[in-house]
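# Observations on chain architecture
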Amino acid sequence: MWKSILYKEWLKLRWIILISTALGIMAVGSLFLNVQHDFLFMGAMTYWYNTLFLGVQYFHLLKYVPLVIGIAIGVAQYFPETVNKRIKLSFHLPINENKILLLMMLCGTTTLLVSFGSMFLLFWGLSAHFFPQEIVYGAIVSVTPWFLSGFVIYFFISLIVMEPVWKYWILYGLIGYAFIGLYLEPSTTGGYEPVVLKFALLTVLLSLSSLFSAYRFRKGEM
Amino acid sequence: MVRISRYILVLTAIIGSAVALPNLYWTIMEKPVNSPYVMYSIIDKGYMIQRSTPAIVRQDTKGNSYTREEYEKKLPMMFYMQLASSGTMPDSINGVEMDMHALRKARSTYRYQPKVRDSPQPGLYPLFESESGRVNLEMPNDFFRIQDWMVFIDAKSNSVDEAKSNLFTAVLTKRGFEFPARIIAGLPTTRKSCDEGYLVSDAKEQLFHLKMVKGKPYVKKVALPDNLSFKWIECVDFSNKLYYAYLISAANEVYVLFQDTYELLKLPVTGFNPDVDELKIYGDFFNYNVIIDGESYLKNITLDNKFNKVDEYAEKWETKYQRTEGKIFGAIFPFELSLKSDNSRYIDFRIKYSENFYWILLSLLFVGAEIYWIKRMKNGIMDHLADLLIIAVTGIFGFIAVNIFQNKFFK
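So, here's what we can say about the structure. (Residues numbered from 1 in each chain as written. Chains lettered and ligands numbered in written order. Predicted model: local features only at pLDDT ≥ 70, side-chain atom pairs only at ≥ 80, totals over all residues. Heavy atoms only, no water.)

## Details of the packing of aromatic side chains
- Enumeration over the complete set of coordinates arrives at 62 aromatic pairs over all chains.
- Considering the side-chain rings of Trp 26 of chain B and Phe 329 of chain B, the 4.9 Å spacing of their centres and the 25 degrees angle between planes classify their relative orientation as stacked. Placement of Trp 26 of chain B in helix α1 (residues 2-29) and of Phe 329 of chain B in helix α7 (residues 324-332) is noted, with a sequence separation of 303 residues between them. With respect to burial, Trp 26 of chain B and Phe 329 of chain B carry one shared label: buried.
- When the centroid spacing of 4.5 Å and the interplanar angle of 35 degrees are considered together, the rings of Tyr 110 of chain B and Tyr 246 of chain B count as tilted. Of the two residues, Tyr 110 of chain B sits in strand β6 (residues 108-112) while Tyr 246 of chain B sits in strand β15 (residues 243-249), which places them 136 residues apart along the sequence.
- Classification of Tyr 110 of chain B as buried rests on a relative accessible area of 6%.
- Grouped by ring-pair contacts, the aromatic residues Phe 32, Phe 39, Tyr 47, Tyr 58, Phe 59, Phe 123, Phe 130, Phe 131 and Trp 146 of chain A constitute a single cluster.
- A cation sits over an aromatic face here: Arg 6 of chain B above Tyr 7 of chain B, 5.3 Å from the ring centre.
- If you follow Lys 320 of chain B out to its NZ or CZ, it ends over the ring of Trp 26 of chain B, 4.3 Å from the centre. (Phe/Tyr/Trp six-rings, centres within 6.5 Å; stacked < 30°, edge-to-face > 60°. Helix = DSSP H or I, 4+ residues; strand = E, 2+ residues; numbered from the N terminus. Buried < 20%, exposed > 50% of the residue type's maximum accessible area, 1.4 Å probe, protein only. Lys NZ or Arg CZ within 6 Å of the ring centre and 35° of its normal.)

So, in structure tokens, the structure goes:
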């Protein structure tokens, strides 16, 4: 039974994993092509100087990429479940409903982890190739909330898509908009340092959020 | 598990609304509070005040108003270019002949902002050649950091220059430097008149002057009185070359470090809180205007050109929370949450509680409305006790949160 559910999730997610990971890696690659180009034209010393003292963020183009990937995976995984209320079929299986949902969530989160993890490691490795540890640390601190925002929007999409009453879509959307905005607050490089762990904790907690609207869904809330 | 997920969502909604709603309120309601511009007049031996809201008003401390031209004549050290241009610059002031070159050389401007101190520091700095024999300064090919040792990193290869690192580390160690550095302060730019390197405070809070002279390290330990340590140092590059830096001590005192003699002088400045106050120091031929600029107060401590106190002016005004719009804010919101601060460049959750308790009335009203709704839906009060408690404590934010993510587990 579990294998069948996993297979169903795999069918929904396999292409999106491939596409999002490829696009993510291309996005990171393009950042460093720009860095390499600027090193060649302005010199590494000037580029380091601009990064350290003039606030240049070589990684700024990465800001909304995790958000877009989070939306894509969330929609690919949950939207088909709402067509003709297919999710109800899963809830009729002789397995605990919450466990099914958590398994689905785990599949989506793993997909995000694979996609973001490969991007993050590539970003870290290439940053360390071009820059000293001070610049790399600041960059990692700055991009981490952006990656976390990808998870947060995925959790909010699962919450919204599973919600049976349409007017709550708007309300959940407003809360999600206000909340995700915190992760994307413009900041100086490394400025997120005091809050990164707090954001990570809130993101982990939010992974349980879709249980709420799924409960409303299966209880037939109108 | 489902109930836990609901409370997580309620928390999320409280955080989101506690940031967004106060932000929206202040965007609509906030009115500018501009601190006055107060400068000491060498002509009147008193203060001239310029206020910019709602219209520009120029006065002295007795309440006399002045036109722009009259105001500029009262502050000849500040407007000497304008006065010279219009032919109204006095030939002498206080018996001293006015020489434009000397006036220009004596001018200095410094501004301390709390957010510059409370921000991620670069950690890597360029060490310029101080005596290259060239007119212009040149950017080196490497940056240094001072942690377990002093390391120079070549930017092109992103690798350590071992020989140079060992040379500087050895000299620092020989001078009694204790690694790592706590503060590294300098002017890491080629846009300065000359290079004086860096002032570095070490792990034992000793102060050192570090620069590179003809490729060799120059390290000078600065003699400090007992128990004097610094929390912030900012180097300056003024035309008169009188001192290297302004230094703020752990006890919030302001010092200057004189050039070449390395003598430290404590300025007679009191009431400065570097966590929240800006500090502006305007130097001219006769005086230093040391201005402490807080959220709701301003203090101008005027010194003569030997750093002795001449006069002082202080003024207070209402904060935005003490004004009508702030009181209304306090009646609506029990607190506000913000990620940014005027005094820091770090992002963090910062909670500011309401300065009054009128919000409790609104919270009780929301609790009453919630009880009415629970009764109307024929639910038990005890099943909603946690929600009522959340509303009582977090007011409007909790009311929004528990009603968006509704508690219907008992239907």
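Next comes the rest of the write-up.
## With respect to the packing of helix α6 (residues 133-162) of chain A against helix α8 (residues 196-206) of chain A
All names here are of chain A.
- Relative orientation of the contacting elements α6 and α8 amounts to 15 degrees, with a least axis distance of 10 Å. If you check the angle between α6 and α8, you find them roughly parallel. Seen along the crossing, α6 lies across α8 with a hand that is left-handed. Contacts between α6 and α8 involve Val 141, Thr 144, Pro 145, Leu 148, Phe 151, Val 152, Phe 155 and Phe 156 from the former and Val 196, Phe 199, Ala 200, Thr 203 and Leu 206 from the latter. (Axes fitted to C-alpha atoms, helices over the stretch in contact; angles between N-to-C directions. Parallel < 35°, antiparallel > 145°, perpendicular 65-115°, else oblique. Left-handed = near helix turned anticlockwise from the far one by under 90°. Contact = heavy atoms within 4.5 Å.)

## Side note on the state of the cysteines
- Enumeration according to the criterion identifies zero disulfides over all chains in this entry.
- Distance from the sulfur of Cys 235 of chain B, which forms no disulfide, to the nearest cysteine sulfur (Cys 194 of chain B) is 11 Å. (Disulfide = S-S within 2.5 Å.)

## Side note on the side chain of Asn 407 of chain B
Residues and elements named next belong to chain B.
- Residue position: Asn 407 is located in the segment after α9 (385-404).
- Residue classification places Asn 407 among the buried positions, given a relative accessible area of 8%.
- Only 3.3 Å separates the side chain of Asn 407 from the backbone oxygen of Asp 383, close enough to count as a polar contact.
- Contacts of Asn 407, omitting those with residues within four sequence positions, involve Arg 6, Asp 383, His 384, Asp 387 and Val 402. (Polar contact = N/O pair within 3.5 Å; in protein donor to acceptor, adjacent residues only side chain to side chain.)

## Some remarks on α8 of chain A
- Where α8 of chain A is concerned, the buried positions are Val 196, Phe 199, Leu 202, Thr 203 and Leu 206 of chain A. An end-on view of α8 of chain A places all buried positions within 125 degrees of arc, on one side of the element. Exposed and facing more than 90 degrees away from the buried side of α8 of chain A are Leu 197, Leu 201 and Val 204 of chain A.
- Residues of α8 of chain A that are buried sit in contact with α6 and α7 (166-183) of chain A together with α1 of chain B. (Arc of directions from axis to C-beta.)

## What about the interface of chain A and chain B?
- Facing the 48 residues of chain A at the interface are 47 residues of chain B.
- Summing both sides of the interface, chain A and chain B together bury roughly 4,000 Å²; the carbon and sulfur share of this comes to 74%.
- Three residues, Met 45, Ile 175 and Phe 212 of chain A, lead the burial of chain A against chain B; their summed loss comes to 17% of the area buried on that side.
- Summed over the shared surface of chain A and chain B, the number is two salt bridges.
- Note that Glu 134 of chain A and Arg 145 of chain B form a salt bridge whose closest N and O atoms lie 2.4 Å from each other.
- There are 10 residue pairs in polar contact (both at pLDDT 80 or more) connecting chain A and chain B.
- Mapped onto the side of chain A that touches chain B, the elements with two or more residues apiece are α2 (44-53), α5 (97-130), α6, α7, α8 and α9 (210-218) of chain A.
- In terms of residues, the side of chain A that touches chain B owes the most to one element, α7 of chain A, which gives seven residues.
- Here the side of chain A that touches chain B is composed, by residue class, of 32 nonpolar, nine polar and seven charged. (Buried area = accessible area lost by both parts, 1.4 Å probe. Salt bridge = Lys/Arg side-chain N within 4 Å of Asp/Glu carboxyl O. Nonpolar A, V, L, I, M, F, W, Y, C, P; charged D, E, K, R; others polar.)

By themselves, these are just geometric observations and shouldn't be taken as functional.
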